[in-house]
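So the chains spell out like this:
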Amino acid sequence: MKIIADENMPNAKALFSHLGTVELVNGRTLTHEQIKDADVLLVRSVTKVTRELIAGSKVRFVGSATIGVDHIDMNYLAEQNVAFSSAPGCNAEAVADYVFSGLSYLYLTKGVRWASKKIGVIGFGNVGKTVYERFAQMGCQVCVYDPLKEGVDNTVNFASLDEVLGCDVISLHAPLTQSGEFPTRGMLGVEELKQLSAGVAIISAGRGGVIDEKALMARYRQLKGDMHLVVDVWDGEPNINQDLVSIVDIATPHIAGYSKQGREKGTWMVYQALCRDLNLGASALARKDAISAGWLSNVSVCAGGVLEEVLARSIHALYDVARDDARLRFKYRENKEHNVFDWLRKHYVERDELNTCLINADNSAMCKILRATGFSVNT
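In this numbering scheme, every chain counts its residues from 1 along its sequence in written order. Residues qualify for local features only when their pLDDT is at least 70, as the model is predicted, and side-chain atom pairs are given and counted only at 80 or more; totals for whole chains, interfaces and linings, by contrast, use all residues. Where side-chain values are given, they derive from all heavy atoms of the structure, hydrogens and water being excluded.

A separate point is the pairing of strand 7 (residues 141–145). Burial of strand 7 is extensive: four of the five residues sit out of reach of the surface. The pairing of strand 6 (residues 118–122) with strand 7 spans five bridges and is classified as parallel. In the sheet register, Val121 faces strand 7, and the bridge partner there is Val144. Handedness of the crossover is the feature at issue here: the chain leaves strand 6, passes through helix 6 (residues 126–137), returns alongside strand 7, and the resulting connection is right-handed. Only protein chains enter the calculation, and the probe is 1.4 Å; a residue is then buried if its accessible area is under 20% of its type maximum, exposed if over 50%, and partly exposed in between. For helices the rule is a DSSP run of H or I covering at least 4 residues; for strands it is a run of E covering at least 2, with both sets numbered from the N terminus onward. Strands are labelled as partners when DSSP assigns at least two bridges between them. When the strands point away from the viewer, a crossover counts as right-handed if the route from the first strand across the helix to the second turns clockwise.

Spelled out as structure tokens, the structure:
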């Protein structure tokens, strides 16, 4: 069996080699010629799996080690009886870590207080739900907009888009959709962004194209720069709007979900799905051999002082999003790579998820907040 896999899928050869011959490829530039003799195609979100890519090939299984499917022609796969599996939820913890690292950066650099402010989440999939639950468990005032999920859980504070846009912090996690009753492309355009108030903080870590970038820059100018922006996803990736980069506080190359464990979970979930498709029963390799432990295993936190300060120091001990921003800006200034955006993703400096670190805190209230933030807590 021939298996074609994106070179950025961690552990691909280690996991899949016992099932067949594994060939690693550049997912962004993948062609029909490369996959025509493959039985299995394993991709990430940069590969558009279309009729043109796989028509006439031997591919009978497509696996995407990512949470979204907007890069997959699902109708065509179904028509051709090609099995498909993705990895929903694999990077939910990682993206939530990114959100809190971004907020921590805004506090440490600009004094943005967020824990007592109104927080709105857009999108209630695996990632949005994880982000929402962290804020809720911390005791924050949080609401969520997702008309496709509204009513599924009466304990969740669903709200209108207008209400979310009136919040002090807005965390975006909507998928990119072009059709249906509630398409998300350009969902936040000129009229919607008029509702943003001065001092608003926006974390965009879902899909590029949900925000109209020109409208966002225009609103930024209208508010005289009194807006805090953490942007991970961009319309037109891998070609990103450098004018937008110049005004945001944090700019990163679509790596919010790129924790070491999150990426490994994506590969692992697709591996399990292929094993099931091949009727192999239980996976031949153990999960503990596929998902890494963290580097920083046990730390102590002294509670006291400003909550955002305590959280920022704790979170940035594992992951400071500013390092990814600095690396992006430097590589674009250096401009030595053919495709800086994809180079940054391919050569990403790995980070651990907060949950890999066991925290010791000196009071129960702080233990509760740290656990809600995503850490493992020693009780």
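We now examine empty space enclosed by the protein. Here a cavity denotes grid points, spaced 1 Å and computed from the protein atoms alone, that fit a 1.4 Å probe unable to get out, and a pocket denotes an open set having protein on both sides within 12 Å along at least 5 of 7 lines; residues with an atom within 4 Å of a point are the lining. Grid points are joined across faces, edges and corners, and a volume is the space filled by probe spheres set on the points. Under the counting rule described, the total for this entry stands at three cavities of 30 Å³ or more. The space that makes up the largest cavity amounts to roughly 90 Å³. Lining the largest cavity are Ser204, Arg207, Gly208, Gly209, Val210, Ile211, Glu213, Leu216, Val231, Val233, Asp235 and Leu244. Looking at the lining of the largest cavity residue by residue, the class counts come to six nonpolar, three polar and three charged. Along its surface, the second largest cavity is lined by Pro253, Asp324, Arg327, Leu344, Tyr348 and Val349. Tallied by class, residues from the lining of the second largest cavity come to four nonpolar, no polar and two charged. Residue type decides the class: Asp, Glu, Lys and Arg count as charged, Ala, Val, Leu, Ile, Met, Phe, Trp, Tyr, Cys and Pro as nonpolar, and the leftover types, Gly among them, as polar.

Let us look at a nonpolar patch on the surface. Judged by side-chain polarity, Met1, Leu278 and Leu280 come together as a nonpolar surface patch covering roughly 240 Å² of accessible area. By secondary structure assignment, the location of Leu280 is in the loop between helix 11 (260–277) and strand 12 (298–301). Like charges within 9 Å and nonpolar side chains (Val, Leu, Ile, Met, Phe, Trp, Tyr) within 5 Å are joined into patches, using only residues over 30% in relative accessible area that form no salt bridge. Here the Shrake-Rupley method, with its probe set to 1.4 Å, supplies the accessible areas, and only the displayed protein chains count as covering residues. The working definition used for a salt bridge is a side-chain nitrogen of Lys or Arg within 4 Å of a carboxyl oxygen of Asp or Glu.

If you trace the five strands from one edge of the open sheet to the other, you get 2-1-3-4-5, paired in parallel fashion. The open sheet terminates on both sides in strands that have one partner only, identified here as strand 2 (21–25) and strand 5 (83–85). Strand-to-strand twist across the sheet, computed as the mean angle between neighbouring axes with direction ignored, equals 15°. Here strand 4 (residues 61–64) pairs with strand 5 via three bridges, running parallel. Of the residues in strand 5, the one forming a bridge with Gly63 is Ser85. Lying on the sheet, helix 11 is in contact with strand 3 (40–43), strand 4 and strand 5; it crosses strand 4 at an angle near 160°. All axes are obtained by fitting lines to C-alpha atoms, using only the stretch in contact for helices, and the reported angles, taken between N-to-C directions, cover 0 to 180 degrees. Only heavy atoms matter for contacts: two residues are in contact if any of them lie within 4.5 Å across the pair.

Packing of helix 5 (residues 92–110) against helix 6 leaves a shortest axis separation of 8 Å and a crossing angle of 50°. The angle between helix 5 and helix 6 places the two elements in the oblique class. By crossing handedness, the relation of helix 5 to helix 6 is classed as right-handed. Facing Ala92, Glu93, Val95, Ala96, Asp97, Val99, Phe100 and Leu103 of helix 5, the residues of helix 6 in contact are Asn126, Val127, Thr130, Val131, Arg134 and Phe135. Split into classes, the residues belonging to the contact of helix 5 with helix 6 amount to nine nonpolar, two polar and three charged. The scheme is simple: roughly parallel for angles under 35 degrees, roughly antiparallel for over 145, roughly perpendicular for 65 to 115, oblique for anything else. Crossing chirality is assigned from the near helix's rotation relative to the far helix, an anticlockwise turn below a right angle marking it left-handed and a clockwise turn marking it right-handed.

Turning our eyes to something else, we now look at the pairing of strand 10 (residues 227–231). Extensive coverage of strand 10 is indicated by the burial of five of its five residues. Burial along strand 10 is two-sided: Met227, Leu229 and Val231 facing one way and His228 and Val230 facing the other are all buried. In the sheet, strand 9 (residues 200–204) pairs with strand 10 via five bridges, with the strands oriented parallel. Directly across from Ile203, in strand 10, lies its bridge partner Val230. Regarding topology, helix 9 (residues 213–222) serves as the crossover connection from strand 9 to the parallel strand 10, and that connection is right-handed.

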